[in-house]
Amino acid sequence: MWGQPAVLVAALFLAGFGEGPQLAALFAIRHREAPERLRSQVFTTGASLKVTGFALGAAAAGPVAAWSLPGALALAAATAFLAAGLFFAVPSTGTDPSDRPLPT
């Protein structure tokens, strides 16, 4: 089953489909939370950190994928689960985004 190209294409499509809402949310949060005078710096720094994270993830995933493809997929799922857990573990700043005026 894993040797079928259709399965690989479907998995890649599903992974890419999940990136769309994540990217839109990322930009919305950056725009909402960053002060206007620092917004370009925040976006640039955020993009740099994201690319660095991709590079480190690829470096770690290479040996894991060579050892075990299901192990690499489990590592990716565990990383996403950990990220979600950290999101909920970090205390809120106390500001309610609904209290802020909409950007013009």
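Notes on the structure follow.

Focus: the overall build of the protein
In terms of helices and strands, the protein carries 3 helices and 0 strands. Traced from its N-terminal end to its C-terminal end, the protein shows the element sequence α-α-α. Looking at the protein as a whole, 5% of its 104 residues are labelled buried. Surface summary for the protein: the accessible area is close to 8,600 Å², and the carbon and sulfur share equals 75%.

Considering the pattern of salt bridges
This structure, assessed with the given rule, holds 1 salt bridge. For the salt bridge of Glu33 with Arg32, the shortest nitrogen-to-oxygen distance reads 3.0 Å.

Details of the side chain of Arg30
As for its position among the elements, Arg30 is in helix α1 (residues 5–33). The contact partners of Arg30, leaving out residues within four places of it in the chain, are Phe43, Gly46 and Ala47.

Thresholds applied
- Residues numbered from 1 in each chain as written.
- Predicted model: local features only at pLDDT ≥ 70, side-chain atom pairs only at ≥ 80, totals over all residues.
- Heavy atoms only, no water.
- Helix = DSSP H or I, 4+ residues; strand = E, 2+ residues; numbered from the N terminus.
- Buried < 20%, exposed > 50% of the residue type's maximum accessible area, 1.4 Å probe, protein only.
- Areas by Shrake-Rupley, 256 points an atom, 1.4 Å probe, with all protein chains shown as cover.
- Salt bridge = Lys/Arg side-chain N within 4 Å of Asp/Glu carboxyl O.
- Contact = heavy atoms within 4.5 Å.

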